[in-house]
Amino acid sequence: MTINKFFSDTKSLLKLAYPIFIAQLIQNLMSFFDTVMAGRVSATDMAAVAVASSIWLPIILTIYGVVMALAAIVSQYAGKKDYDGIGKSTVQTAWIALFLSLLIIIVFWVVTPLLTPYLDLEPDLKRLMLEYLGYVVWGGPGFCLYIVLRNFAEGMHYTRPTMIISILGLLINIPANYIFIYGAFGAPELGGAGCGVATAIVYWVMFLGMLCYVYFSKKLAHINLFSRFALPDHKEIMNVLKLGVPIALSLLFEVSLFSVVALIIAPLGSDIVASHQIAISFSGLVFMLPLSIAMAVTIKVGTNIGENNFNQAKDICSNSMLLGFLIAIVTASISIIFRQQIAQVYTTDLIVINMATKLMFLAALFQFSDFIQVISAGALRGYKDTKSILYITFVAYWVVGLSLGIILGMTDMLVPKMGAAGFWIGFIVGLTTAAVFLYWRLKVVQGRLQKHGDLQTA
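Residues numbered from 1 in each chain as written. Predicted model: local features only at pLDDT ≥ 70, side-chain atom pairs only at ≥ 80, totals over all residues. Heavy atoms only, no water.

(A) Representation of the overall build of the chain. Helices and strands together make up the secondary structure of the chain, namely 14 helices and zero strands. The N-to-C order of helical and strand elements in the chain reads α-α-α-α-α-α-α-α-α-α-α-α-α-α. Compactness check: the chain gives a C-alpha radius of gyration of 22 Å against a globular reference of 23 Å for 458 residues, within 12% of the reference. Projected onto its principal axes, the C-alpha positions of the chain cover 60 × 55 × 40 Å. When burial is assessed residue by residue, the chain has 52% of its 458 residues classed as buried. Once local pairs closer than 6 in sequence are excluded, the contacts in the chain between residues at least 24 apart make up 80%. For the chain, the accessible area works out to roughly 20,400 Å², and carbon and sulfur atoms hold 69% of it. If the 28 positive side-chain charges of the chain are averaged to one point and the 22 negative ones to another, these points end up 13 Å apart. (Helix = DSSP H or I, 4+ residues; strand = E, 2+ residues; numbered from the N terminus. Rg over C-alpha atoms; globule rule 2.2 N^0.38 Å. Buried < 20%, exposed > 50% of the residue type's maximum accessible area, 1.4 Å probe, protein only. Contact = heavy atoms within 4.5 Å. Areas by Shrake-Rupley, 256 points an atom, 1.4 Å probe, with all protein chains shown as cover. Lys, Arg positive; Asp, Glu negative; His and termini not counted. Charge placed at Lys NZ, Arg CZ, Asp CG, Glu CD.)

In structure tokens form, the structure reads like this:
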């Protein structure tokens, strides 16, 4: 493989990945502005937004994971120039997303009255949290339909609309927050719960924006998506779910792991929890880089598989790994060199800063395995091999990583109790396990595909 080939593949990957990265960054900025603007009302309002978001995020990410399968499906059909297949899969995925989002609304209004008496929270915090969730669930259908159209467009190699519409969402999110948090222009003053209204509005605006793009885009006109409307088709729906459910569960395993660790270390003290949260928050920002590349890899691999260009798909995987490793060197170096300055952005507490700088060193090591595992998973999605991702990530994160984290962090079985640092070592070992086995599985799939020329056999 030549240097020119590496630069050529890297250029095409980054062209797809950078709009996705900016869109992911903007999503984080929306959460940031929600927290800051609610915090201007009171600490209780800010806490309510944080707690409600920690409940809402895993739910919406699970649906997002199911829909992510569409990008791989569309990209393979696009490679085959099977436009009828693209239309059918997109419409049926829309039915799945709509059903799941409506189910969330129904479950919320049925379950909330039953569970509310058992929530051990301050009355104002409980009220604001439930109000936030009560508002934001109505935006669920809009968000779910948006991500269907987003994955359809991205599967066709058009990622810039995602970036532009995310920017539009942010521009609406800030004034909408102001209006409903503080009761401006005659709107009700809802405090932190107003962020739920603003978020629901943003979801629907983003859906309408993506709908307009897909409807009027000349680049997508040949798909005739809106003339392919069909009632739910059990066979097509099962095909999407077969790929999407493992992706969704893999995402849920990863997100819930960090939430569970935060709960486990909570009794160790607020300083330890705060330092852990700083390392997690910064790692989450860095993670958007490999995630964006991985999503681009899914699209590129899928298209080349659809074209039966197996060698190019393999080259894309190899070059994306090298690109990820090079980026990890840069991000890890920044994390180590500027770890104290990074911690100071989050807090002025010297004790927390000192603790966080130690964890930031571990967070830097964490990034190498993280890049490899997420790009390997993205490539496997392009090959439509998603069950292996589910099995490997479950064992790596929950059996290996969490178990080792508990042993090192909370017991004296191997070494004196390490606290949060023990869990970060567990994260590193878990992610490294995932990286090794996902990369191994990728090589197995590629080898079988080269031999048999059929993904079903692979």
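That covers the picture; the talk isn't over yet.
(B) Representation of the state of the cysteines. Summed over all chains, the structure comprises zero disulfides. The cysteine Cys144 is free of any disulfide, with Cys212 supplying the nearest cysteine sulfur at 19 Å. What makes Cys144 buried here is its relative accessible area of 0%. (Disulfide = S-S within 2.5 Å.)

(C) Main features of helix H2 (residues 43–80). Between its first and last C-alpha atoms H2 spans 55 Å; for 38 residues at 1.5 Å apiece the expected length is 56 Å, and the two agree. The sharpest bend along H2 measures roughly 25° and falls at Gly65. Count one or two residues on from H2 and you reach Lys81, which has phi positive near 60°. (Expected span 1.5 Å × (residues − 1). Bend = angle between axes of the 7 residues up to and from the residue.)

(D) Spotlight on the side chain of Asn304. Here Asn304 lies in helix H9 (residues 270–306). Take Asn304: its relative accessible area is 8%, and that puts it in the buried class. Here Asn304 is in contact with Asn309, Gln312, Ala313 and Ile316, once residues within four sequence places are set aside.

(E) Molecular detail of the pattern of salt bridges. Using the criterion set out here, one finds seven salt bridges in the structure. In this structure, the salt-bridge partner of Asp84 is Lys88, at a minimum N-O distance of 3.4 Å. Here Lys88 and Asp84 lie together in helix H3 (residues 83–115), a separation of four residues that amounts to about one turn. A residue is classified by how much of its surface remains accessible, and Asp84, at 38% relative accessible area, is partly exposed. Ionic pairing is found between Glu154 and Arg150, a salt bridge with its closest N-O pair at 2.8 Å. (Salt bridge = Lys/Arg side-chain N within 4 Å of Asp/Glu carboxyl O.)

(F) Quick peek at the nonpolar core. Phe152, Tyr383 and Trp424 are the most contacted members of the largest nonpolar core, which has 120 residues in total. Of the residues forming this core, the biggest block, 15 residues, is contributed by H2. Not counting residues up to four positions away in its chain, the partners in contact with Trp424 are His276, Ala279, Ile280, Ser283, Leu359, Leu362, Ala363 and Phe366. Counting eight residues, the second largest nonpolar core, distinct from the first, contains Ala48, Phe180, Ala187 and Leu190. (Core = buried A, V, L, I, M, F, W, Y, C linked by side-chain atoms within 4.5 Å.)

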